[in-house]
Structures are given as structure tokens and as C-alpha cells.
Amino acid sequence: MAVDIKKLTLLIVLMLSMQSIYPQLGFAHEIGAFVGPVAFQSDFGVRRNFETNAGNTGIAVGIVHYINFSYKADCNCYSTDTFFNDHFKLRTEVAWNKTKLEHFGKWVDSDRTTPEAEQLRSHSGEAQNWDIGMQLEFFPKSIRAFAAGAYSFAPFGALGAHFVSFNPTVETTYGLPGDINNLDNFYNPWNAGSGGDPFISDEGGSTWSIVASIGTRYKLTVLSDLFVELRWQYYFDDFVDGLDHKLPSNKANDWNLWFNFGYIYYLD
């Protein structure tokens, strides 16, 4: 985990260095924060199951920084009127999310009394992640017109990449409670289908992820906005939740959906 913290610190320093370039060009800045629920889609529970999606929901918080290319703070004037300057913003973000995970669905129904069902009911976990990354946000409507109050809503779409430091928790009350090193305490088919590879891990690590968002801003005052967004995040690792079994039902790496509510303030 210490290595991941070093990587995360290096990335923060690198991104801050990149951000320092833009003030020299005179572009304006915005800062903000957000909070919202996150639905973690992992190897826990049943795929495309409402009970799983609703039950494995956690919380996310973050702080954001934007480069606004449409305005120049050094002269308090609009920048050159190009399509890019009037329709794109660069977003830098540091975020944290945590989700408690359990098994839901037909395999743990109360009428199932097999050892396998009890193993699933006894198994729980927690996904906890730190994110840092960038997204390029595209606004179909004019950013200048929105800032001037021509309309109240400014929809946007975004695409980017985040570096993720993850630290999962694994727990079981089956057999000898708390012994996660005894694989017999976990769902037997996972062990049989693993081919000797590990499928349970509470080791922290790091990975990259793709993030894509859609949302809208609402003009609150001349210098502030509210925003709401729906975000999809796909991790390039399947141990973010502490579970990576090899059964056919495990069709993808871990991913999640965020629903963020935020506030943005224009610094310049």
C-alpha cells in the first residue's frame, strides 16, 4: 500500500504542475465539491439484479478544479472565440468512495439451506478507493452565453481517466469467523473453479480507470453553479472489491455508477 500512496502523491504533484501552466496562459479557474451515492457493480450478488444494485450502494465525495478556456483572468476578458474555448473545460478531481458489499439475490434466499448458500450469506466486504484524474468536459451550448445568463442550464458530457488506489476489506463469519485465509470458508464453486489462482484478497493496490459522465450545470449566481451528473467508471482490475472469482458469471472487471450533486465557484 505504501507504493500506491507514493504513486498517488507523484500523480498529485504532476497534475498540480500541469495546472500551474494554465495560470501562466491567463485562463480562469473554478473550484467545487460534490457528494452522492455510488452503486458498486462487482462480483458480489447477482448481475442485473435490483436488490444487488440497491444493497451494494455507498457514498462518494470529491473536490474538483476546472480550467475555463472561455475567459482570461489576467485581463478580465473573454479569450479568443474558438469552438474549443467556448465548448470545453478541463476538470481535475480528487475523490473518495466507500461501499459495503454483501451477496443478494436468489442464491442467498432464506429457503436455500445448502452450505454454499450459507457461505455466501456469511461473506461480506467493503470497497474503499481514492481517485485522482482528469476529464475533458464538452458543453453543447456556449459557455460564454451560459456565464452571461443567457440560459439557466448547461448540459455536458465528459470523458477521462483516473488513477485509483484501492483498499478492500474481506470478512466472513462462516467456519472459523474472521479467517479469510481458509478458502473453505468461501463459496465452494469459486475454489473449485479458481484453478489454484487467488480469488479472495484484502490487499490494497492501484489501477487505472476510465470515467464517462453526463450531467448539467444550473446557474445559481453570476459566480456560482450547481451541478448534477451521472458517471460510469470502469476499473482495469477485478480485485477492487476484494473478490475475483473465475466462474462464467464474472464477465467484467469491477465498475460503478456515481450520481453526484455539486457546487462550483468561479475564482476569476
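Refer to the structure presented above.
Because the structure is predicted, anything quoted here is derived from the model rather than measured. (Residues numbered from 1 in each chain as written. Predicted model: local features only at pLDDT ≥ 70, side-chain atom pairs only at ≥ 80, totals over all residues. Heavy atoms only, no water.)

Caption draft 1: Region of interest: the overall build of the protein chain. Per the secondary structure count, the protein chain includes six helices and 10 strands. Of the contacts formed within the protein chain by residues at least 6 apart in sequence, a portion of 77% connects residues at least 24 apart. Taken as a whole, the protein chain presents about 12,800 Å² of accessible surface, with 63% of it coming from carbon and sulfur. (Helix = DSSP H or I, 4+ residues; strand = E, 2+ residues; numbered from the N terminus. Contact = heavy atoms within 4.5 Å. Areas by Shrake-Rupley, 256 points an atom, 1.4 Å probe, with all protein chains shown as cover.)

Caption draft 2: Here's a closer look at the packing of aromatic side chains. For the structure on display, the rule yields 16 aromatic pairs. Between Phe-88 and Phe-138 the ring centres are 5.2 Å apart and the planes differ by 45°, which places this aromatic pair in the tilted class. One end of the pair, Phe-88, is in strand β4 (residues 88–102); the other, Phe-138, is in strand β5 (residues 123–138), with 50 residues separating them in the sequence. On the basis of an interplanar angle of 50° and a centroid distance of 5.2 Å, the ring pair of Phe-153 and Tyr-218 is categorised as tilted. Of the two residues, Phe-153 is situated in strand β6 (residues 153–166) and Tyr-218 in strand β8 (residues 205–221); the sequence distance between them amounts to 65 residues. In this structure Phe-153 comes out as partly exposed when scored by relative accessible area, which is 47%. Exposure remark for Tyr-218: the relative accessible area of 34% places this residue in the partly exposed category. Through successive ring pairs, a cluster of aromatic residues spans Phe-69, Phe-83, Phe-84, Phe-88 and Phe-138. Against the face of Tyr-151 rests Lys-141, its NZ or CZ located 4.8 Å from the ring centre. For the cation-ring pair, Arg-217 lies above Tyr-66, with the distance from its terminal atom to the ring centre recorded as 4.6 Å. (Phe/Tyr/Trp six-rings, centres within 6.5 Å; stacked < 30°, edge-to-face > 60°. Buried < 20%, exposed > 50% of the residue type's maximum accessible area, 1.4 Å probe, protein only. Lys NZ or Arg CZ within 6 Å of the ring centre and 35° of its normal.)

Caption draft 3: Broad picture of the nonpolar core. With 18 residues, the main nonpolar core has Phe-40, Phe-186, Trp-190, Phe-199, Ile-200 and Leu-243 as its most contacted residues. Among residues more than four places away in sequence, those in contact with Phe-186 are Gln-119, His-123, Val-170, Glu-171, Thr-172, Ile-180, Phe-199 and Ile-200. Listed in part, the nine residues of the second largest apolar core include Val-38, Ala-60, Val-64 and Phe-227. (Core = buried A, V, L, I, M, F, W, Y, C linked by side-chain atoms within 4.5 Å.)

Caption draft 4: Looking closely at the environment of Phe-186. Looking at the element boundaries, Phe-186 is found in the loop between β7 (169–172) and α6 (188–193). Taking the relative accessible area as the measure of exposure, Phe-186 reaches 0% and is therefore buried. Between the C-alpha atoms of Phe-186 and Ser-122, which are 64 residues apart in sequence, the distance is 8.4 Å.

Caption draft 5: Representation of a nonpolar patch on the surface within the structure. On the surface, a nonpolar cluster with roughly 900 Å² of combined accessible area is contributed by Ile-31, Phe-153, Tyr-218, Leu-220, Val-222, Leu-223, Leu-226, Tyr-263, Tyr-265 and Leu-267. Contributions of two or more residues to the nonpolar patch are made by β8 and β10 (255–266). Here Leu-226 shows up in strand β9 (residues 224–235). (Patch = residues over 30% accessible without salt bridge, like charges linked within 9 Å, V, L, I, M, F, W, Y side chains within 5 Å. Salt bridge = Lys/Arg side-chain N within 4 Å of Asp/Glu carboxyl O.)

Caption draft 6: A look at helix α4 (residues 115–122). Taken residue by residue, α4 has Ala-117, Gln-119, Leu-120 and Ser-122 as its buried positions. Among the structural elements, β5, β7 and α6 are those in contact with the buried residues of α4.

Caption draft 7: Looking closely at the environment of Glu-171. Mapped onto the elements of the fold, Glu-171 is located in strand β7. When the C-alpha positions of Glu-171 and His-123 are compared, they lie 5.9 Å apart, and in sequence the two are 48 residues distant. If near-sequence neighbours (up to four positions away) are discounted, Glu-171 is found in contact with Ser-122, His-123, Ser-124, Ile-180 and Phe-186.

Caption draft 8: Representation of the pairing of β7 in the model. Here β7 shows a buried face lined by Val-170 and Thr-172 and an unburied face lined by Thr-169 and Glu-171. Pairing analysis gives four bridges linking β5 to β7, with the strands arranged antiparallel. Across the sheet, the residue bridging to His-123 is Thr-172, located in β7. (Pairing = 2+ DSSP bridges.)

Caption draft 9: A look at the environment of Thr-92. Summarising the element assignment, Thr-92 is placed in strand β4. For Thr-92, a relative accessible area of 11% translates into the label buried.

Caption draft 10: Representation of the pattern of salt bridges within the structure. Evaluation of the coordinates by the stated rule reveals 13 salt bridges. Residues Glu-137 and Arg-91 are paired through a salt bridge, measuring 3.0 Å at the closest nitrogen-oxygen approach. Of the two residues, Glu-137 is situated in strand β5 and Arg-91 in strand β4; the sequence distance between them amounts to 46 residues. Of the charged contacts, one joins Asp-225 and Arg-217 as a salt bridge, the two residues approaching to 3.0 Å between their closest N and O atoms. Here the two residues Asp-225 and Arg-217 agree in accessibility, since each one is buried.

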